[in-house]
Amino acid sequence: MVMQRESAAPAERPTDTPPASSVRRGIRVSGTVQGVGFRPYVHHLAQMLSLSGWVRNDGEGVFIEAEGDPVQVARLIHELPHRAPRLAHVESIAVSELAPQGADGFVINTSLASAPATSVPADAAICESCLQELFDPANRRYLYPFINCLHCGPRFTLTRALPYDRARTTMAGFTLCPLCRREYEDPESRRFHAEPNACPICGPRLWLVDRHGAPVQTQDPVLHVWRLLEQGRIVAIRGIGGFHLACDARNVEAVAQLRRRKQRDEKPFAVMVLNVASARRWAQIGPQQALLLESTARPIVLATMRPAASELGAVAPGLDHLGLMLAYTPVHYLLFHAALGAPPGSAWLHAECAVALVMTSANPNGEPLVRDNDEAIRRLDEIADALLLHDRPIAVRCDDSVVRAADSGTRAPGPPQAAADAAQPVFVRRARGYAPAPIRLGRPGPSVLALGGHFKNTICATRGADAFVSQHLGDTDNAPARLLVAEAIAHWQAILGVRVIAVACDLHPDYASSALAARIAAESAVPLVAVQHHHAHIAAVLAEHQVETAVLGVALDGTGLGSDGTLWGGELLQVDGARSRRISQLCPLRLPGGERAAREPWRMGAAVLHRLGMGEQIAVRYAAMPAARQLAQVLDHDLNCPASSSMGRWFDAAAGLLGTSVVSSYEGQAAMRLEALARQHGPMHDVQGLYAIDPQGRLELIALLASLLDESDAARGSACFHGELVAGLDAWIGHHSKATGLDTVALGGGCFLNAIVSRELARMLAARGLRVLAARQVPANDGGLSLGQAWVAQRVLQEPAARDGAGRAGNGRS
Ligand SMILES: [Zn+2]
Ligand SMILES: [Zn+2]
């Protein structure tokens, strides 16, 4: 009915008296609509459609009153989500009828024009318009390293508190010059209320220092940095959420030097390139990977290496995937510009470029990211030859996010990110570019705070029907990291403005996060809810998929404390909200040496040998390990050999037996190598059935491990392990699904970062007619625990009768 008039030019008419046909509508827009240029966008749209009225920010998002021709008002409502600014994401639009007022013109509501935003957007990569200005010699921000606008730049990492306005960001100390102020106040400007707006006159600046902190005299600090990198030096570069350590990725010796200085033997380094064309030189970049690389979040994307990657230094030893990201700040682009000899124009931005830079987080000794200039000079003097510093303070540390592309067919519906980003990430680490975007829960609940686990930690707070999962905070096994968690809690409360009525944590009392949760609960006199580790993993999946019914939870993980006091990690759980009941588990293996076994896969190989009655072979097979001689006795006498049903330890055992990993230099390494080898070999076509479901209904994999004892081809052994494992898991889950009648399966836990297991298992379970849910909006590993804990805690509070079932609630830890 309106179609034929849609293309008509807006009608001209006097606006002092409302035409008889005029209507006025109240339009409530929710979603990520504050601090992203939404009001100027509405203003522009309304003017184009000759509507009168106003737009303003308020506590719930953006509110519009629009009046005029009914067709044009309808068109405004229709258009709103479609041409929204780059960083906006419209969740919902609600329309109400109002009486026409005959108002003239459309304004950004004067009385509330400066109403501050109540949500903080994520950091975003520099936009195309700013890039054009950055390299336009006629622009006043030519080569200015801190150029940004409403559609790009840092947000989250600058924000100290609510509401989101300049005074509460780290830009507060920079007074806008008259030109910048004019832009800031002009609704027609791309910098209208762009809180980090700056220019060379009034904004932050960049300078270079040597490793001792002495300023380096240079006309062009970025060019100087490139010269150093070209010579094989290592430079610390201050970014938006912390420091990177950079070196030339093609310089084998520079990469080796960085590994030595960082004492990081084998953990992969991320590589930064200029654009997708350049990324294709090193790795296989399909349409999904390209979309992820170019998305405003600009994460590190894991992609299969191409042969040319062998020209790079040891960036990902023993793996078949490379972590690639594109330049995302003006400084990064200036660096590539310098590396290319400062070409004129902007064509070079999209041309293939051979420059590849290692860009790894500067977090010496596994401690939190370095943030401040003085701290950098102190903590990085043994690692970096020079430091590129700036004076825009970082309010909160934030690492780069790490993702891989989701397989088609197993994708979840829309994650809360910019509408233009159609590609869906599977998170390995969720941080810059994604935090603090909320995960939408199925229904509103009480505000709770959850402190997560021990490794790869995040925290989560809920507000209404939103769960805010923090950026990746890292492992909490050192004192600085524990301070970081406390800092994150304070920051989360400052930018969310919630008062929590319960605190959730892991069931493991020795986790630093559990102790902190107990203290916060006691100090605030609110209940503490301890949630079993694997219950939380499954709950995280249920939370993001908004599932309220009972499901069969498949938790495949490292180790976590079970509700019976033993170490779990390969569990089938019946999860129904706050209730969780273990239905089955993997047959346990003993962990000789306790936690050491998780870092030394040969110990798990030894445990399997012992279980097979071949204990005497331990010292022979692992002759290079001094502890091997006693290990058979340690197992004989059961000295510090706790049993665990952990899936991760079965992977370690396979790696230990195949000899692919004897000692791990980072968590997950053994399993990642097995996965790479299995892919190298290709899938095994005939499953031999080297698994069994024992009389108690547990999955037994010992025959599979025994088959690896004499395997001389590690790739074939890895492929066999994966093929049989997935078939075994499918049979086991199918068996228990039938027995319980549960036909929805939720997959959670760190082992689902393994792309072969997650993809193949999901495919086989779906073929059984089961509904399969997997982690999409948060990582499947411990980075998602806090979300699951928060979801369980909400249900414990809402269904007190469920408390005995799982989440243990108490007033403080008694
Ligand atoms: Zn911009
Ligand atoms: Zn200025």
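Residues numbered from 1 in each chain as written. Chains lettered and ligands numbered in written order. Predicted model: local features only at pLDDT ≥ 70, side-chain atom pairs only at ≥ 80, totals over all residues. Heavy atoms only, no water.

Turning next to the domain arrangement of the protein chain. Partitioning the protein chain into structural domains gives domain 1 (3-108), domain 2 (120-275 + 328-423) and domain 3 (586-742). Of note, the centres of domain 2 and domain 3, computed from C-alpha atoms alone, are 43 Å apart. Between domain 2 and domain 3, the contact holds four residues from the first and four residues from the second. A buried area of about 320 Å², summed over both sides, lies between domain 2 and domain 3, and 57% of it is on carbon and sulfur atoms. On the domain 2 side of the contact with domain 3, E266, K267 and P268 bury the most area, a combined 91% of that side's loss. (Domains from an automatic or database assignment. Contact = heavy atoms within 4.5 Å. Buried area = accessible area lost by both parts, 1.4 Å probe.)

Let's shift gears to the environment of Q794. If you trace the backbone, Q794 turns up in helix α24 (residues 785-798). Residue class for Q794 comes out buried when judged on its relative accessible area of 1%. Along the sequence, Q794 and A283 sit 511 residues apart, while their C-alpha atoms lie 43 Å from each other. Each residue touching Q794, except ones within four places of it in the same chain, is listed here: L441, G445, P446, V448, T462 and G464. At 3.2 Å, the side chain of Q794 forms a polar contact with the side chain of T462. (Helix = DSSP H or I, 4+ residues; strand = E, 2+ residues; numbered from the N terminus. Buried < 20%, exposed > 50% of the residue type's maximum accessible area, 1.4 Å probe, protein only. Polar contact = N/O pair within 3.5 Å; in protein donor to acceptor, adjacent residues only side chain to side chain.)

As a further point, take the coordination of the zinc ion (ligand 2). The zinc ion (ligand 2) binds to the protein through C177 (SG), C180 (SG), C199 (SG) and C202 (SG), with metal-donor distances spanning 2.2 to 2.3 Å. Seen from the zinc ion (ligand 2), its four donor atoms lie at angles of 106 to 115°, and the figure they make is tetrahedral. Between consecutive donor residues of the zinc ion (ligand 2), the sequence gaps follow C-x2-C-x18-C-x2-C. For the pair formed by C177 and C180, the shared burial category is buried. (Donors = N, O, S within 2.8 Å, 3.2 Å for Na, K, Ca; no water. Tetrahedral: all angles 85-135°; square planar, octahedral: opposite > 155°, others 65-115°.)

Here the protein chain averages 91 in pLDDT, while 93% of its residues score no lower than 70. Under a pLDDT of 50 for its full length, residues 408-421 has, in the predicted model, 30 contacts with residues more than four places off or in other chains. (pLDDT = per-residue confidence, 0-100.)

This part is about the sheet that holds strand β15 (residues 425-429). With mixed pairing, 10 strands are arranged side by side in an open sheet as β6-β13-β7-β8-β12-β9-β11-β10-β14-β15. Of all the strands in the sheet, just β6 (206-210) and β15 have a single pairing partner and so form its edges. Neighbour to neighbour, the strand axes of the sheet diverge by 35° on average, direction disregarded. Pairing geometry for strand β7 (residues 235-238) and strand β13 (residues 386-390), over three bridges, is parallel. Note on β13: the bridge partner recorded for I237 is L388. The sheet contacts of helix α7 (residues 252-262) involve β8 (243-248) and β12 (357-361), and relative to β8 the element is tilted by about 145°. This element, helix α9 (residues 287-294), spans β10 (300-304), β11 (321-326), β14 (402-405) and β15 of the sheet and lies at about 150° to β14. (Pairing = 2+ DSSP bridges. Axes fitted to C-alpha atoms, helices over the stretch in contact; angles between N-to-C directions.)

A separate point is the coordination of the zinc ion (ligand 1). Under perfect tetrahedral coordination by four donors, a metal shows angles of 109.5 degrees; under perfect octahedral coordination by six donors, it shows angles of 90 or 180 degrees. Note on the zinc ion (ligand 1): its protein donors are C127 (SG), C130 (SG), C149 (SG) and C152 (SG). The metal-donor distances range over 2.3 Å. Angles of 103 to 119° at the metal separate the four donor atoms of the zinc ion (ligand 1), which places the site in the tetrahedral class.

The topology assignment puts E544 in helix α14 (residues 533-545). In this structure E544 is buried but unpaired, with R776 as the nearest side chain of opposite charge at 6.9 Å. For E544, the contacting residues outside a window of four places in its chain are I439, A774, A775, R776, Q777 and V778. (Lys, Arg positive; Asp, Glu negative; His and termini not counted. Salt bridge = Lys/Arg side-chain N within 4 Å of Asp/Glu carboxyl O.)

In the structure shown here, the tally under the stated rule is 46 salt bridges. Between E548 and R795 there is a salt bridge whose closest N-O contact spans 2.8 Å. Of this pair, E548 sits in the loop between α14 and β22 (551-561) while R795 sits in helix α24, placing them 247 residues apart in sequence. D652 is the partner of R649 in a salt bridge, and the nearest nitrogen-oxygen pair spans 2.8 Å. Taken together, the positions of R649 and D652, both in helix α19 (residues 647-658) and three residues apart, correspond to about one turn of that helix. The buried category is assigned to R649, whose relative accessible area is 10%. Salt bridges sharing common partners tie together R238, E367, R371, D372, E375, R379, R397 and E487.

Helix length check: helix α12 (residues 479-496) (18 residues) gives 26 Å between terminal C-alpha atoms against 26 Å at 1.5 Å per residue, within 8%. Along α12, the residues classified as buried are A481, L484, V485, A488, I489, H491, W492, I495 and L496. Where the residues of α12 are buried, they touch β17 (448-450), β18 (460-463), β19 (466-469) and α13 (512-524). The backbone nitrogen of A481 lies 2.8 Å from a side-chain oxygen of the residue at the head of α12, namely N478. Of the residues flanking the end of α12, it is G497, one or two places downstream, whose phi is positive at about 60°. (Expected span 1.5 Å × (residues − 1).)

Here we come to the nonpolar core. If you look at the biggest cluster of nonpolar residues, it comprises 94 residues, and the most contacted ones within it are L705, L729, I733 and L787. Beyond its immediate chain neighbours, meaning those up to four positions away, I733 contacts L552, V554, L572, V745, L761 and L765. One finds A198, L335, L349 and V355 within the second-largest nonpolar core, a separate group that totals 50 residues. (Core = buried A, V, L, I, M, F, W, Y, C linked by side-chain atoms within 4.5 Å.)

Moving on to unusual backbone geometry. That bond from A435 to P436 is cis: its omega, 5°, falls within 30 degrees of zero. Here P436 is to be found in the loop between β15 and β16 (439-440). Its identity is not glycine, yet H193 carries a phi of approximately 50°, on the positive side. Checked against the element boundaries, H193 lands in the loop between α5 (178-185) and β6.

Turning our attention to the pairing of β19. Because side chains alternate across β19, one face comprises the buried residues D466 and F468, and the other comprises A467 and V469, equally buried. In this sheet, β19 lies alongside β16 in antiparallel orientation, the contact comprising two bridges. Among the inter-strand pairings, I439 is bridged to a residue of β19, identified as A467. Relative to β19, β18 is paired through four bridges, and the arrangement is antiparallel. By the bridge assignment, C460 is partnered in β19 with V469. Count of turn residues in the β18/β19 antiparallel hairpin: two residues, of which G464 carries a positive phi of about 60°.

This part covers the side chain of D248. Within the fold, D248 resides in strand β8. At a separation of 2.9 Å, a polar atom in the side chain of D248 contacts the main-chain amide nitrogen of R250.

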